[in-house]
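Summary of structural features
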Amino acid sequence: MLVMLGCAALLLIAAGAGWRWRGYSLAVPAWQRYELAGTAGRAQALVWFVAVALLSGLAVGVFVVGPAGRLAMRLLAVTSPDAQGRITEAEQVVGQISLSGTVGFVLFVGVPFGLAAGLGYALASFVVPRGLGGGAVFGASALVLVGATVDPLRGDNPDFAIVGPGWLSVATFFLMAVLTGALTAPVAGRIAAALGRPTRWWWLWLPPLSLFATAALTVVSAVAGGVVVGCLVLLATLLLPRWSLVVRHRATRAVQAIVSVAVLVSIPGFVSALAAIVD
């Protein structure tokens, strides 16, 4: 019970912070407007961007994805009394919630998916609406794109045959995805506002954090692949010369169109996975 109360407290802290910071949005500060800067300024902009994404993802993983995921698991265990004591796909015992298990879940599930959310939102923030609503759109879109193939709504996940009911599982994880996206937006905006120009002291924490993030993202390799592609696109954008403002605007529209088409193409598979879970 104390573990669940702790998870609820972390989630409430995140929700309160997200509401308080709802006016913040991820935007490039004036000193980092790469069209006015040289190569050094562009490099600093890229380093700053990566730092914001990683710190946002780490915070979201610890305060949102981890606690919310643990609460979701507990809810589905309570609504499945016949499943008590059975072993899940992750070799966990249904109904047994321990402090060590919760810490492990936050570290090995919450943090990797939180980092993926932070990096994904940072890359998508320039093509989705600003604020909580834009974050919610990002969360729902990400769930449609990868939720049925990576997690948490894989139709072939045997856990949905153990716990349920299926409609509650779908509703719980959909709400969790939307909440994660909605809270990632203000958290990223607040961290972006707090971080100044990169200094030499950043070398003390950013490289280790980057290595940790790289190792953590191997847990969600499909998402990591998308993040790598997005980073390469961002790097190419940062290297565009000053005269390419119109090109960048058109590129933004093109990315919006591509993402929209990708979401639409993913909908049939996503619906099929939901049907398999609810059935």
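Quick look at the structure, then. Here the structure is a predicted model, which is why all the values come from computation and not from measurement.

Regarding the nonpolar core
Counting residues in each nonpolar core, the largest one holds 29 residues, and the members touching the most others are Val64, Val94, Leu153, Val163, Phe173 and Phe270. Those elements giving two or more residues to this core turn out to be helix H1 (2-20), helix H2 (39-78), helix H4 (131-146), helix H5 (166-194) and helix H8 (245-278). A per-element tally of this core places H2 first, with seven residues. Residue contacts for valine 64: discarding those within four places in its chain leaves Leu11, Ala14, Ala59, Gly69, Thr180 and Leu183. Grouped together as the second largest cluster of nonpolar side chains are 22 residues, Ala53, Leu119, Leu195 and Ala213 included.

Side note on the environment of threonine 149
Take threonine 149: it is sitting in the loop between H4 and H5. Threonine 149 sits in the exposed class, given a relative accessible area of 59%. For the pair threonine 149 and glycine 269, spaced 120 residues apart in the sequence, the C-alpha separation amounts to 8.8 Å.

Brief notes about the environment of valine 103
Position of valine 103 among the secondary structure elements: in helix H3 (residues 99-124). On a C-alpha basis, the gap between valine 103 and proline 67 in space is 9.5 Å, while along the polypeptide they are 36 residues apart.

Things to note about the side chain of serine 80
Checked against the element boundaries, serine 80 lands in the loop between H2 and H3. For serine 80, a relative accessible area of 7% translates into the label buried. Within polar-contact distance, the side chain of serine 80 engages the backbone oxygen of leucine 76 at 2.8 Å. Apart from residues lying up to four places away in sequence, serine 80 is in contact with Ile162, Val163 and Gly164.

Considerations on the packing of aromatic side chains
Tallied over the full model, the rule gives three aromatic pairs. Consider the rings of phenylalanine 160 and phenylalanine 173, whose centres lie 6.4 Å apart with planes at 80°: the pair is edge-to-face. With a gap of 13 residues between them, phenylalanine 160 in the loop between H4 and H5 and phenylalanine 173 in helix H5 connect regions that are remote in the sequence. Residue class for phenylalanine 160 comes out buried when judged on its relative accessible area of 13%. Each ring, one from tryptophan 202 and one from tryptophan 205, has its centre 5.3 Å from the other, and the planes form 50°; the classification is tilted. Here tryptophan 205 falls in the partly exposed class, since its relative accessible area comes to 28%. Arginine 22 extends its terminal NZ or CZ atom over the ring of tryptophan 19, reaching a point 4.1 Å from the ring centre.

Regarding the pattern of salt bridges
Side chains that differ in charge, positive against negative, can pair when their charged atoms come close. For the structure shown, the criterion picks out one salt bridge. With a closest N to O distance of 3.0 Å, arginine 154 and aspartate 156 form a salt bridge. Judged by its relative accessible area of 13%, arginine 154 is buried. Owing to a relative accessible area of 59%, aspartate 156 belongs among the exposed residues under this scheme.

Some words on the environment of valine 50
Note that valine 50 resides in helix H2. Note on valine 50: relative accessible area 27%, which makes it partly exposed. Remark: the alpha-carbon pair of valine 50 and leucine 206, spanning 156 residues in sequence, is separated by 8.9 Å.

Section: the packing of H3 against H5
It is the contact of H3 with H5, at a shortest axis distance of 10 Å, that shows an interaxial angle of 65°. As far as their axial angle goes, H5 and H3 are roughly perpendicular. Note on packing geometry: the crossing formed by H3 with H5 is right-handed. For the pair formed by H3 and H5, the contact residues are Ala117, Gly118 and Tyr121 on the first element and Thr180, Thr184, Ala185 and Ala188 on the second. Tallied by class, the residues present in the contact of H3 with H5 amount to four nonpolar, three polar and no charged.

Basis of the calculations
Residues numbered from 1 in each chain as written. Predicted model: local features only at pLDDT ≥ 70, side-chain atom pairs only at ≥ 80, totals over all residues. Heavy atoms only, no water. Core = buried A, V, L, I, M, F, W, Y, C linked by side-chain atoms within 4.5 Å. Buried < 20%, exposed > 50% of the residue type's maximum accessible area, 1.4 Å probe, protein only. Helix = DSSP H or I, 4+ residues; strand = E, 2+ residues; numbered from the N terminus. Contact = heavy atoms within 4.5 Å. Polar contact = N/O pair within 3.5 Å; in protein donor to acceptor, adjacent residues only side chain to side chain. Phe/Tyr/Trp six-rings, centres within 6.5 Å; stacked < 30°, edge-to-face > 60°. Lys NZ or Arg CZ within 6 Å of the ring centre and 35° of its normal. Salt bridge = Lys/Arg side-chain N within 4 Å of Asp/Glu carboxyl O. Axes fitted to C-alpha atoms, helices over the stretch in contact; angles between N-to-C directions. Parallel < 35°, antiparallel > 145°, perpendicular 65-115°, else oblique. Left-handed = near helix turned anticlockwise from the far one by under 90°. Nonpolar A, V, L, I, M, F, W, Y, C, P; charged D, E, K, R; others polar.

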